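Close look at the chain arrangement
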Amino acid sequence: MTAPANPDKARRKPLVLGNWKMNGDVATAEQLLADLLQGERDSPEALAGVELGVFPPYPYIGLAAARLAGSRFSWGAQNVAHFGNGAYTGEVSAAMLRDLACTWVLIGHSERRALFAETNAQLAMKVELAIRDGLLPVVCVGESLAEREALMTESVLAAQIDALCGVLASADQRFVIAYEPVWAIGTGLTASPEQAQQVHAYIRSRLAAGKVPGATGVRILYGGSVKPSNAQALFGQPDVDGGLIGGASLIAADFLSICRAAAQRSIR
Ligand code: PEP
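Report on the accompanying structure. None of the values given here were measured: they were computed from a predicted structure. (Residues numbered from 1 in each chain as written. Predicted model: local features only at pLDDT ≥ 70, side-chain atom pairs only at ≥ 80, totals over all residues. Heavy atoms only, no water.)

**Quick look at the sheet that holds strand 4 (residues 104-107)**
Taken in spatial order, the eight strands line up as 1-2-3-4-5-6-7-8 and close into a barrel, and their pairing is parallel. For this sheet the average axis-to-axis angle between neighbouring strands, irrespective of direction, equals 25 degrees. Helix 3 (residues 61-68) contacts strand 2 (51-55) and strand 3 (73-77) of the sheet and is inclined by roughly 165 degrees relative to strand 3. On top of the sheet, helix 6 (residues 120-132) reaches strand 4 and strand 5 (136-141); it is set at about 175 degrees to strand 4, its chief contact. (Pairing = 2+ DSSP bridges. Helix = DSSP H or I, 4+ residues; strand = E, 2+ residues; numbered from the N terminus. Axes fitted to C-alpha atoms, helices over the stretch in contact; angles between N-to-C directions. Contact = heavy atoms within 4.5 Å.)

Take a look at the structure:
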């Protein structure tokens, strides 16, 4: 048997996660979950070797847990409090998410950073609590269009990553990074596979520079207008280990098609 050209990539299991954001209602959530399960039943072999998950809005996580239990799909939350249980009206703790058998939690999505003014210090607290309570954080990083045009992509990412290296260093690889250029989220604009690869490689090197052990084994997802038509080219890049999917994750056929693309990714 010939060895794969990129053994590091070969040992990072591809991962595709769907961020439903604040969309849908009970009926549409039920339908989407049913359609995903049907897709799994229709062609289990096409999804073999990929890890899959969805992030429903908080009120539908219990529903997702009930429907997806025993399937290939895991589930998680789009946010978590930066405090443990206590007098924090309106917040949801990592321990509560663990009670709902969540595997994942999104931390630092650009919408949370921009619209809810989440700071790096709060994000570090969220990561620490998530790991403590048995969740796998999916840490989102990315630059705005103005920052990219000002050639600041690397410095912006460095600041976002460096702020978390301390907590990530003790996480024993129990986290995932999602590179989501803000200019590509929900805009229909996608980073080219080459742009994504360049930034993913930079993120990996920055984790290593920040003394995060095993950076070559950390999965780095790409997010930003991933569609069935561009998924395979993105996932084929050496440092792209799957995707965080927003809009397309609300359409079961599209999401399943993207999941299948991750299963077929070439090891380069
Ligand atoms: C997201 O919000 O995480 C995302 C990637 O959105 P979209 O796929 O719609 O660009």
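**Describing the pattern of salt bridges**
As enumerated under the stated definition, the model contains 13 salt bridges in all. Put simply, Lys21 and Glu111 hold a salt bridge, and the shortest N to O gap is 2.8 Å. Separated by 90 residues along the polypeptide, Lys21 in the loop between strand 1 (15-19) and helix 2 (26-42) and Glu111 in helix 5 (residues 110-115) bring together distant segments of the chain. What makes Glu111 partly exposed here is its relative accessible area of 29%. Within this structure, Arg12, Arg204, Asp239 and Asp241 form a network of salt bridges that share partners. (Salt bridge = Lys/Arg side-chain N within 4 Å of Asp/Glu carboxyl O. Buried < 20%, exposed > 50% of the residue type's maximum accessible area, 1.4 Å probe, protein only.)

**Topic: the pairing of strand 6 (residues 176-179)**
Burial along strand 6 is two-sided: the face carrying Val176 and Ala178 and the face carrying Ile177 and Tyr179 are both buried. In this structure, strand 5 lies alongside strand 6, joined through four bridges in parallel fashion. Within strand 6, the residue paired with Val138 across the bridge is Val176. Handedness of the β-α-β unit built from strand 6, helix 9 (residues 193-209) and strand 7 (residues 219-223) comes out right-handed. (Right-handed = clockwise from strand over helix to strand, strands pointing away.)

**Some words on unusual backbone geometry**
Its identity is not glycine, yet Lys21 carries a phi of approximately 50 degrees, on the positive side. Looking at Lys21, the relative accessible area reads 19%, which means it is buried. Here the phi dihedral of Ser225 falls at roughly 55 degrees; this positive angle occurs in a residue that is not glycine. Tracing the chain through its elements places Ser225 in the loop between strand 7 and helix 10 (228-235). Overall, Ser225 belongs to the buried group, its relative accessible area being 16%.

**A look at the packing of helix 2 against helix 3**
Where helix 2 contacts helix 3, the axes come no closer than 10 Å and their chain directions differ by 25 degrees. When the axis of helix 2 is compared with that of helix 3, the two are roughly parallel. Where helix 2 crosses over helix 3, the two elements pack in a sense that is right-handed. Residue-level contacts link Val26, Ala29, Glu30, Leu33 and Leu37 of helix 2 to Leu63, Ala64, Arg67 and Leu68 of helix 3. Of the residues that constitute the contact of helix 2 with helix 3, the class distribution is seven nonpolar, no polar and two charged. (Parallel < 35°, antiparallel > 145°, perpendicular 65-115°, else oblique. Left-handed = near helix turned anticlockwise from the far one by under 90°. Nonpolar A, V, L, I, M, F, W, Y, C, P; charged D, E, K, R; others polar.)

**As for the site of the ligand**
Around the ligand sit 14 residues, and of these Lys21, Glu180, Gly186, Ser225 and Gly247 come closest. Look at the ligand: alone it shows 290 Å² of surface, and the protein chains cover 95% of it. Within the shell around the ligand, the residues separate by chemical class into four nonpolar, eight polar and two charged. (Near = heavy atom within 4 Å. Areas by Shrake-Rupley, 256 points an atom, 1.4 Å probe, with all protein chains shown as cover.)

**Brief notes about the nonpolar core**
Val16, Leu97, Ile177, Ile203, Leu207, Tyr222 and Phe235 are the most contacted members of the largest nonpolar core, which totals 73 residues. Setting aside residues up to four positions removed in sequence, Ile203 forms contacts with Val141, Ile161, Ile177, Tyr179 and Ile220. If you look at the next biggest cluster of nonpolar residues, it comprises 11 residues, including Val138, Cys140, Val176 and Leu221. (Core = buried A, V, L, I, M, F, W, Y, C linked by side-chain atoms within 4.5 Å.)

**Concerning the pairing of strand 3**
Extensive coverage of strand 3 is indicated by the burial of five of its five residues. Burial along strand 3 is two-sided: the residues Phe73, Trp75 and Ala77 and Ser74 and Gly76 are all buried. Bridge count between strand 2 and strand 3: three bridges; the pairing is parallel. Opposite Gly53, over in strand 3, you have Ser74 as the bridge partner. One crossover worth recording links strand 2 to the parallel strand 3 by way of helix 3, and it is right-handed. Two strands pair when backbone bridges link them, and strand 3 and strand 4 are joined in this way by two bridges, in the parallel orientation. The residue bridging Ala77 from the neighbouring strand is Val105, located in strand 4.

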